[in-house]
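Residues per chain, in single letters:
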Amino acid sequence: MGVPLSTYRLQMRGDSFTFADAVDLLDYLDDLGVSHLYLSPILTATAGSSHGYDVTDPTTVSDELGGPEGLAELSARARARGMGLIVDIVPNHVGVDDPAQNAWWWDVLTHGRDSAYSSYFDIDWDLEHGRIVLPVLGSDDDVAELTVDGDLLRLGDRAWPIAPGTAHDGAPGAEVHDRQHYKLIGWRNNLCGYRRFFSITSLAGLRQEDPAVFAASHAEVGRWFTEGLVDGLRIDHPDGLAEPAAYVTDLRDLVGEKAWIVIEKILAPDEPLDTGLPVDGTTGYDALREIGGLFVDPAGEPALTALYESSGTDRGTTEHQTSELKTVAATDTLSSELARVCRSIVADIGADHALLPDAVTALLTHVHVYRFDYLNLTAVGPTAIAAAVRTRPELAEPLQLVAAALAHDGEAAVRIQQLCGAVTAKSVEDCLFYRDARLVSLNEVGGEPSLFGVSAAEFHERSATRARLWPHAMVTLSTHDTKRSEDVRTRIGVLSQLADEWAERVERWSQIVLSPDRATTLFLWQNVFGVWPVDGEVSDALRTRLHSYAEKAIREAGLHTSWNDPDTEFESAVHDWVDAIIDGPVSKELTALVARADAHAHSDSLGQKLLALTVPGIPDVYQGTELFDDSLVDPDNRRPVDYAARRAALEARTDPKIRVAGAALRLRRELPDTFLEGAYRPVPASGSAAAHLVAFLRGDDVLVAVSRWTVKLAEIGWGDTTVTLPEGIWTDRLTGRTHAGTPAAIELFAELPVVLLERTDV
């Protein structure tokens, strides 16, 4: 079916949402206007997996989801409605938490380098004299507790294989362990004998640069296209691979030119996607930042900055914090990977230096992208090296060795790039974004907290560029990885319009609900505000969700507690703080402020939803977000969706968000050329409130306009603000009203804060 007109993301789970459940949704999604179902990973994963990214058998479709028969049935039923399927695939890694579930990994542990699959994994055979180091024990001393059970080594309910001929009669488990092709160690050693997905030891990296590995791990994917079951692919984390550009080229050859391919490439705000890649674009985090940023009021920046800085914790600029966190990530969390990079440099160029680890780390702190070996990023490496030398002149000599390794373009160059992405993810997404408390809606994958919103001029220029270069890239607002749902972000974003009031309230509330740490609670206040119910009635479920989120957030921040070393006293104090908000006098004032902000948040939610569905690109609706959604970070955003409520809302057409989503999706289906290939042209407004209106034309027959910064707008009104429409009669697909000429903004937005105009006189 080629490029989709739209996608609807479904989180597949064997225990709650299978292919059969997706079949049951087809009529609803068809009525909504969706063209393609977009499925989370469907290959066989760890038993009971809640997400599917821990694939254990890339050669089979998950039986838990319904197996190949279930996939074929879903595909056939979708095609009968003129709909198609997009599938998320995971080439970078496989799940190895339970080795017995992964036949390839089990064979490697059993036979070591003699295994037929030893080349499939990126194993550091030199780390422990040819043994694979597995950091899976609570302590190194646990080796003494290993027992022999036939051809297995056991520790509690965990098991590993015993190599043939190594379990002598009566030999204790520890002695047998010493004869294996692997070495079990405590996870706190910061050593790992294989490339991981970031620092997750349960996910082992695959060597897709090896044609045999690619062929074996993509045979099932290829079958989907040979048999016409699937129309496109979403590629998870290609930057983790040795050669992402070569990988997507191989993938394109496998699935054909008509397949739609988007890659999870997280772009920095000033980083373009390499136009030489044979893909249709990214998965849309760049568009998420642009669309959401448009509704952030820059007038609120001084007050929110002052409030954040008043926390008393002087961490410096975002750039300084990022540099420090990258250093910690490289030298601590990923120290095993850093050591392997340095050994690779020495092996590649035949020279060493005592400060080589410092040189590699310094380079990475000055790289602002996930990796810099794409053809359009050739200036990033030398620029980062120059910055590193300026900052630390004593590293000039070892940085020459790093530069030589990059020029050699061998194993070390590849490993530097792979470490770069892991360091960035662990320091920025997984740490900084849980510390920065200025406006937390900016702290999103692909976001940049130091950039306070996106101007209309920037938004228009970026949209026009996407129309020219990447008209079929994905556009998204919420994903399984976003730290807050689109609607929670817009609620929090309203604080940019209420900055002085928010600062005053937080200062007062903090005198009533005493904080265990001011910087921590400044961050949490905004998230609590983002999900607080309008009526102030906090259910037991929401209370539990808030506690779970707070615990995850403070552990990710790593300031007072962490996943590795939880501080139970501090965590208990934070939990008490959450309960004190819910149960104490502050709750009434918080409810009042939420009630005041809610209409503006809903307005912004409608605006960004309409933009996401109409700007250049292919929009994705994350499951359930056609209605307002209060999800926080995973697993909160992967909760089961109430589709009965959504069916009823779609039929009633009274809920404004599903009304906007349905109208835009159906219009896309009626005017495919306009949205797939149509040009993008900004349409300026005139008048005293022109800054509160953003409008553009798609092709010649669709005009979109949204209002923003509505707190101030409610005070000043639209006044003399107008928009000049192109020639013709324009009908609003949301209200049925018709417009022509130069209508007043107050007339355009009489019913809703958004308009979706179609030219209807031709």
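Thresholds, definitions, all that
- Residues numbered from 1 in each chain as written.
- Predicted model: local features only at pLDDT ≥ 70, side-chain atom pairs only at ≥ 80, totals over all residues.
- Heavy atoms only, no water.
- Salt bridge = Lys/Arg side-chain N within 4 Å of Asp/Glu carboxyl O.
- Helix = DSSP H or I, 4+ residues; strand = E, 2+ residues; numbered from the N terminus.
- Buried < 20%, exposed > 50% of the residue type's maximum accessible area, 1.4 Å probe, protein only.
- Phe/Tyr/Trp six-rings, centres within 6.5 Å; stacked < 30°, edge-to-face > 60°.
- Core = buried A, V, L, I, M, F, W, Y, C linked by side-chain atoms within 4.5 Å.
- Contact = heavy atoms within 4.5 Å.
- Axes fitted to C-alpha atoms, helices over the stretch in contact; angles between N-to-C directions.
- Parallel < 35°, antiparallel > 145°, perpendicular 65-115°, else oblique.
- Nonpolar A, V, L, I, M, F, W, Y, C, P; charged D, E, K, R; others polar.
- Domains from an automatic or database assignment.
- Buried area = accessible area lost by both parts, 1.4 Å probe.
- Polar contact = N/O pair within 3.5 Å; in protein donor to acceptor, adjacent residues only side chain to side chain.
- 1 Å grid on protein atoms, 1.4 Å probe; cavity = no way out; pocket = protein on both sides within 12 Å on 5 of 7 lines; lining within 4 Å.
- Points joined across faces, edges and corners; volume = space filled by probe spheres on them.
- Pairing = 2+ DSSP bridges.
- Expected span 1.5 Å × (residues − 1).
- Disulfide = S-S within 2.5 Å.

### Focus: the pattern of salt bridges
Two side chains that carry opposite charge are able to pair once their charged atoms sit near each other.
Here is step 1: Counting across every chain of the model gives 62 salt bridges.
Here is step 2: Between aspartate 30 and arginine 669 there is a salt bridge whose closest N-O contact spans 2.9 Å. Highlighted residues: aspartate 30 in helix α1 (residues 19–32) and arginine 669 in helix α23 (residues 656–670), separated in sequence by 639 residues.
Here is step 3: A relative accessible area of 14% means that aspartate 30 is categorised as buried.

### What about the packing of aromatic side chains?
Two aromatic rings, taken as a pair, are described by how far apart their centres are and by the angle between their planes.
Here is step 1: Under the defined criterion, the tally for this structure stands at 17 aromatic pairs.
Here is step 2: Each ring, one from tryptophan 105 and one from phenylalanine 121, has its centre 4.8 Å from the other, and the planes form 70 degrees; the classification is edge-to-face. You can see tryptophan 105 sitting in helix α3 (residues 103–111) and its partner phenylalanine 121 sitting in the loop between α3 and β7 (132–137), a full 16 residues away along the chain.
Here is step 3: Taking 5.1 Å as the distance between ring centres and 75 degrees as the angle between the ring planes, the aromatic pair formed by tryptophan 525 and tryptophan 577 counts as edge-to-face. Here tryptophan 577 lies in helix α20 (residues 568–583) and tryptophan 525 lies in helix α18 (residues 518–531), a separation of 52 residues in the sequence.

### Let's talk about the nonpolar core
Nonpolar side chains tend to gather and get buried jointly when the protein is soluble and globular.
Here is step 1: If you look at the biggest cluster of nonpolar residues, it comprises 134 residues, and the most contacted ones within it are Leu10, Leu37, Trp224, Leu233 and Leu611.
Here is step 2: No other element matches the eight residues that α1 contributes to this core.
Here is step 3: Sequence-distant contacts of tryptophan 224, that is, excluding residues within four places in its chain, are made with Ile42, Leu43, Val61, Leu71, Val87, Ile89, Leu229, Val230 and Leu233.

### Focus on the environment of glycine 662
Here is step 1: Its place among the elements puts glycine 662 in helix α23.
Here is step 2: Distance in space between the C-alpha atoms of glycine 662 and valine 34 is 8.5 Å, their sequence separation being 628 residues.

### Describing the packing of helix α10 (residues 335–349) against helix α13 (residues 396–408)
Here is step 1: Two numbers describe how α10 lies on α13: the axes approach to 9 Å, and their chain directions differ by 70 degrees. Of the possible angle classes, the one that applies to α10 and α13 is roughly perpendicular. Where α10 abuts α13, its residues Ile345, Asp348 and Ile349 lie against Leu401, Val402, Ala404, Ala405 and His408.
Here is step 2: When the residues that make up the contact of α10 with α13 are grouped by side-chain class, the tally is six nonpolar, one polar and one charged.

### So, the domain arrangement of the protein
Here is step 1: The assigned domain composition of the protein is domain 1 (7–92 + 207–264), domain 2 (99–205), domain 3 (314–433) and domain 4 (509–598).
Here is step 2: If you average the C-alpha positions of domain 2 and of domain 3, the two centres end up 30 Å apart.
Here is step 3: Buried surface at the junction of domain 2 and domain 3, both sides included, amounts to about 1100 Å², of which 39% is carbon and sulfur.
Here is step 4: Our count for the contact surface shared by domain 2 and domain 3 stands at five salt bridges.
Here is step 5: In this structure, the salt-bridge partner of arginine 340 is aspartate 122, at a minimum N-O distance of 3.2 Å.
Here is step 6: Where domain 2 meets domain 3, there are eight residue pairs in polar contact (both at pLDDT 80 or more).
Here is step 7: Looking at the side of domain 2 that touches domain 3, its residues break down into six nonpolar, two polar and five charged.

### Looking at the layout of surface pockets
Here is step 1: Taken as a whole, the second largest pocket encloses approximately 930 Å³ of empty space.
Here is step 2: In terms of lining residues, the second largest pocket is bounded by 41 residues, among which Thr322, Lys326, Thr365, Val367 and His368 are the most central.
Here is step 3: Looking at the lining of the second largest pocket, the elements with two or more residues in it are α9 (318–333), α11 (356–365), α12 (380–391) and α14 (411–429).
Here is step 4: Counting residues per element, the lining of the second largest pocket draws most heavily on α9, which supplies eight residues.

### Focus: the sheet that holds strand β19 (residues 680–682)
Here is step 1: Read across the sheet, six strands follow the order β19-β21-β22-β26-β24-β25 without closing on themselves; strand pairing throughout is antiparallel. On the outer flanks of this sheet lie β19 and β25 (738–739), each paired with one strand and no other.
Here is step 2: Judged from the five bridges that link them, strand β22 (residues 702–707) and strand β26 (residues 754–759) form a sheet pairing that is antiparallel. Across the sheet, the residue bridging to alanine 705 is valine 755, located in β26.
Here is step 3: Together, β22 and β26 form the strand contacts of α23, whose direction differs from that of β26 by roughly 25 degrees.

### A closer look at the sheet that holds strand β17 (residues 474–475)
Here is step 1: Judged by pairing direction, the sheet is parallel, and its eight strands sit side by side in the order β16-β15-β14-β5-β2-β1-β18-β17 without closing on themselves. Both outer strands of the open sheet, β16 (281–282) and β17, are each paired with one neighbouring strand and no more.
Here is step 2: Across two bridges, strand β15 (residues 260–263) lies against β16 in parallel orientation. Paired with valine 262 across the two strands is glycine 281, which belongs to β16.

### Observations concerning α23
Here is step 1: Over its 15 residues, α23 extends 21 Å from the first C-alpha to the last, a length consistent with the 21 Å expected when each residue adds 1.5 Å.
Here is step 2: Most of α23 is tucked away, with eleven of its 15 residues classed as buried.
Here is step 3: When α23 is considered as a whole, its buried residues turn out to be Lys657, Ile658, Val660, Ala661, Gly662, Ala663, Ala664, Leu665, Arg666, Leu667 and Arg668.
Here is step 4: Capping the start of α23 is the job of one residue whose side-chain oxygen sits 3.0 Å from the backbone nitrogen of lysine 657: aspartate 655.

### Concerning the pairing of β7
Within a regular strand, the side chains alternate between the two sheet faces.
Here is step 1: Counting buried positions over the six residues of β7 gives five, a clear majority of the element.
Here is step 2: Bridge count between β7 and strand β11 (residues 182–186): five bridges; the pairing is parallel. Counted as the bridge partner of leucine 134 is leucine 184 from β11.

### Considering the state of the cysteines
Here is step 1: Within the structure shown, the criterion is met by zero disulfides.
Here is step 2: Just so you know, cysteine 342 is unpaired, no disulfide at all, and the nearest cysteine sulfur is the one on cysteine 420, 14 Å from it.
Here is step 3: Under the relative-accessibility criterion, cysteine 342 is labelled buried at 9%.
Here is step 4: As a non-bridged cysteine, cysteine 431 has cysteine 420 as the owner of its nearest cysteine sulfur, 17 Å distant.

### Some details on unusual backbone geometry
Here is step 1: Omega for the peptide link from aspartate 634 to proline 635 comes to 5 degrees, which places this bond in the cis form.
Here is step 2: Mapped onto the fold, proline 635 is located in the loop between β18 (618–622) and α22 (643–652).
Here is step 3: Residues other than glycine seldom take positive phi values, yet asparagine 190 does so here, at roughly 60 degrees.
Here is step 4: Mapping asparagine 190 onto the fold places it in the loop between β11 and β12 (196–197).

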